[in-house]
Amino acid sequence: MDDSTRRDFLGLGVWPVAATVAAGAAPVPAVQTVRPGAGLKAAPGVVRIGIIGAGENVRDVMIPAFRKIPECQLVAVANTSLASSQRVATQFGIPKAYPHWKALLDDRDIDAVCIGTWPYMHHTLTLAALEHGKHVLCQARMANNAGEAREMLAASLQHPELICQLVPTSTSYRVDGLLRKLLTDGYVGDLLSVEIQRVGRGFADLGGALDWRHSQEFSGLNMMNVGSTYESTMRWLGRARRVMAMTKVHVPYRRLASGQRAPVMLPDHVDVLYELTDGAQVHMRFSETTGLSNGNQTWIHGTNGTIHVDETQTVRGGKRGDPELREIPNPPEGQAGSRVEVEFVRAVLGLEPVTMNTFEIGVHYMEWTEAIHRSSATGHAVTLPLMAL
């Protein structure tokens, strides 16, 4: 097939399986394919969703969650290739498989999109989806950098009739409610300082594989779980106003799939010191190179009490005069659970507002992430909100 014929063929939007086989691709199980505008009728009170980017988390977590919602109908998927789109469509009974995200956005049968790609595409896809009149649920991390995040927020504000939501980090769901209550109730007294480490137990993976999390091309300025940790701490501590940081790349080269070495630009070891709006100081440490460490830890110190969260997310506390820390009960009914898919669908239907997470929250953690890069590069403290360069 020559290039001009191939372009015409791609222009059909959805490829039937027989055409894929004829083009020389490996056959896949049949999927009901429908051209854009062919009329998949939505039942009253049902949100029709298209998936753009169906990686492991989308397949294992988000698609199954959407399928459990009576008011949700998954109608299309566009993955990295037509064949991979068809595999996902067949696996989950999704009627349309697209070779490209642009064709999916042209589909008038789709009300909303779930963007499951790596961060480098979030800005492009969000702006395009809004221009096509689609509601947007976008995976974290929000964008490549703070500038893109602000543009995404601005675009969302230009379309107030459309819902825009970010997938929140779930890593602290178990303790968010308890920590917020303890601090609000004054358990520690006046907050003085916080020590947080999010570190691995392995040694530096010298010569390890280069995945998207180590690639600035695909991750932008996002490093390890830096942004998601700040997102969590905003829930209990509030926002930063001044940031200082030092970063290091301990593994400067990693292997491509071809076996060739590629330089790594994103840090694998980060120390951050920042000041909260109430003047308390927070020290965060992130690392992929801390062999035999004691893992993730959180210490919250105040004038009259201390709270500790260990690697198992057991919460212990003690007050002035106590001989030691004691476990603080954390009943299940006070713990949050993942419901982003439900919240998104209900928000589109006008049944509840978006709380976890708004685009505004994403802008906050992207500005904080970029402030770390700026401080590390200049050796100076960086003030938030971030000023554009």
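The structure under discussion appears in the preceding block.
Scoring rules and cut-offs
- Residues numbered from 1 in each chain as written.
- Predicted model: local features only at pLDDT ≥ 70, side-chain atom pairs only at ≥ 80, totals over all residues.
- Heavy atoms only, no water.
- Pairing = 2+ DSSP bridges.
- Helix = DSSP H or I, 4+ residues; strand = E, 2+ residues; numbered from the N terminus.
- Axes fitted to C-alpha atoms, helices over the stretch in contact; angles between N-to-C directions.
- Buried < 20%, exposed > 50% of the residue type's maximum accessible area, 1.4 Å probe, protein only.
- Right-handed = clockwise from strand over helix to strand, strands pointing away.
- Parallel < 35°, antiparallel > 145°, perpendicular 65-115°, else oblique.
- Left-handed = near helix turned anticlockwise from the far one by under 90°.
- Contact = heavy atoms within 4.5 Å.
- Nonpolar A, V, L, I, M, F, W, Y, C, P; charged D, E, K, R; others polar.
- Phe/Tyr/Trp six-rings, centres within 6.5 Å; stacked < 30°, edge-to-face > 60°.
- Lys NZ or Arg CZ within 6 Å of the ring centre and 35° of its normal.

J.: Any chance you could explain the sheet that holds strand β3 (residues 96-98) here in plain terms?
T.: Neighbouring strands of a sheet are bound in pairs by backbone hydrogen bonds; such pairs are parallel or else antiparallel. Taken together, the six strands give an open sheet; going across it, the order is β3-β2-β1-β4-β5-β6, and neighbouring strands pair in parallel fashion. Two strands in the sheet have a free side with no partner beyond their single neighbour: β3 and β6 (164-166). Shown here is a sheet whose adjacent strand axes are inclined to one another by a mean of 20°, direction ignored. Across three bridges, strand β5 (residues 135-138) lies against β6 in parallel orientation. Note on β6: the bridge partner recorded for C138 is L166.

J.: Can you walk me through the pairing of strand β15 (residues 315-319) in this structure?
T.: Where a strand is regular, its side chains alternate between the two sheet faces. Where strand β14 (residues 305-309) meets β15, five bridges bridge the pair, whose relative direction is antiparallel. Counterpart to I307 in the pairing with β15 is G317. Between the end of β14 and the start of β15, which pair antiparallel, lie five residues, with Q313 showing a positive phi angle near 65°. Across two bridges, the pairing between β15 and strand β16 (residues 326-327) is antiparallel. Residue pairing across strands places G317 opposite R326, the latter belonging to β16.

J.: I'm lost on the pairing of β5 in this one. Help?
T.: Alternating residues of β5 divide into H135 and L137 and V136 and C138, and every residue in both groups is buried. Across four bridges, the pairing between strand β4 (residues 112-115) and β5 is parallel. Bridge pairing in β5 places A112 opposite H135. Between the parallel elements β4 and β5, the chain passes through helix α6 (residues 122-131) in a crossover that is right-handed. Crossover β5 to β6 through helix α7 (residues 146-157) is right-handed.

J.: I tried to follow the packing of helix α3 (residues 56-67) against helix α11 (residues 340-348) on my own but got confused; where do I start?
T.: Think of two packed helices as two axes; the pair is described by the angle between the axes and how far apart they sit. Running from amino to carboxyl end, α3 crosses α11 at an angle of 50°, the nearest separation of the two axes being 9 Å. By the angle between their directions, the pair α3 and α11 is classed as oblique. As α3 runs across α11, the sense of the crossing is right-handed. Touching V61, M62, A65 and F66 of α3 are E341, F344 and V345, all from α11. Of the residues that constitute the contact of α3 with α11, the class distribution is six nonpolar, no polar and one charged.

J.: What exactly am I supposed to notice about the packing of aromatic side chains here?
T.: Within this structure, the stated rule accounts for seven aromatic pairs. Arranged with centres 5.0 Å apart and planes meeting at 75°, the rings of Y120 and F218 form a pair that is edge-to-face. Here Y120 is found in the loop between β4 and α6, whereas its partner F218 is found in helix α9 (residues 216-219), with 98 residues between them in sequence. Under the relative-accessibility criterion, Y120 is labelled partly exposed at 33%. Over the aromatic face of Y253 sits the side chain of R261, whose NZ or CZ is 4.1 Å from the ring centroid.

J.: Is there a simple way to think about the sheet that holds strand β12 (residues 281-287) in this case?
T.: If you walk across this open sheet you meet the nine strands as β16-β15-β14-β13-β7-β12-β11-β8-β17, and the pairing is mixed. Two strands in the sheet have a free side with no partner beyond their single neighbour: β16 and β17 (382-383). Taken strand by strand, helix α8 (residues 173-184) contacts β13 (297-302), β14 and β15, and its axis lies near 175° from that of β14. Strands in contact with helix α12 (residues 359-378) are β8 (240-248), β11 (269-276), β12 and β17; relative to β8, the strand with the most contacts, it is inclined by about 55°.

J.: How should the side chain of S232 be read in this particular structure?
T.: You can see S232 is positioned in helix α10 (residues 226-237). In this structure S232 comes out as buried when scored by relative accessible area, which is 5%. Once residues within four sequence positions are removed from consideration, S232 is found in contact with T169, T171, S172 and D176.

J.: Help me understand the packing of α8 against α10, please; the structure alone is not making it clear to me.
T.: α10 packs onto α8 with a crossing angle of 30° between their chain directions and a minimal axis gap of 8 Å. What the angle tells us is that α8 and α10 run roughly parallel. Contacts from Y173, D176, L179, R180 and L183 in α8 reach S232, R235, W236 and L237 in α10. Of the residues in the contact of α8 with α10, the class split is five nonpolar, one polar and three charged.

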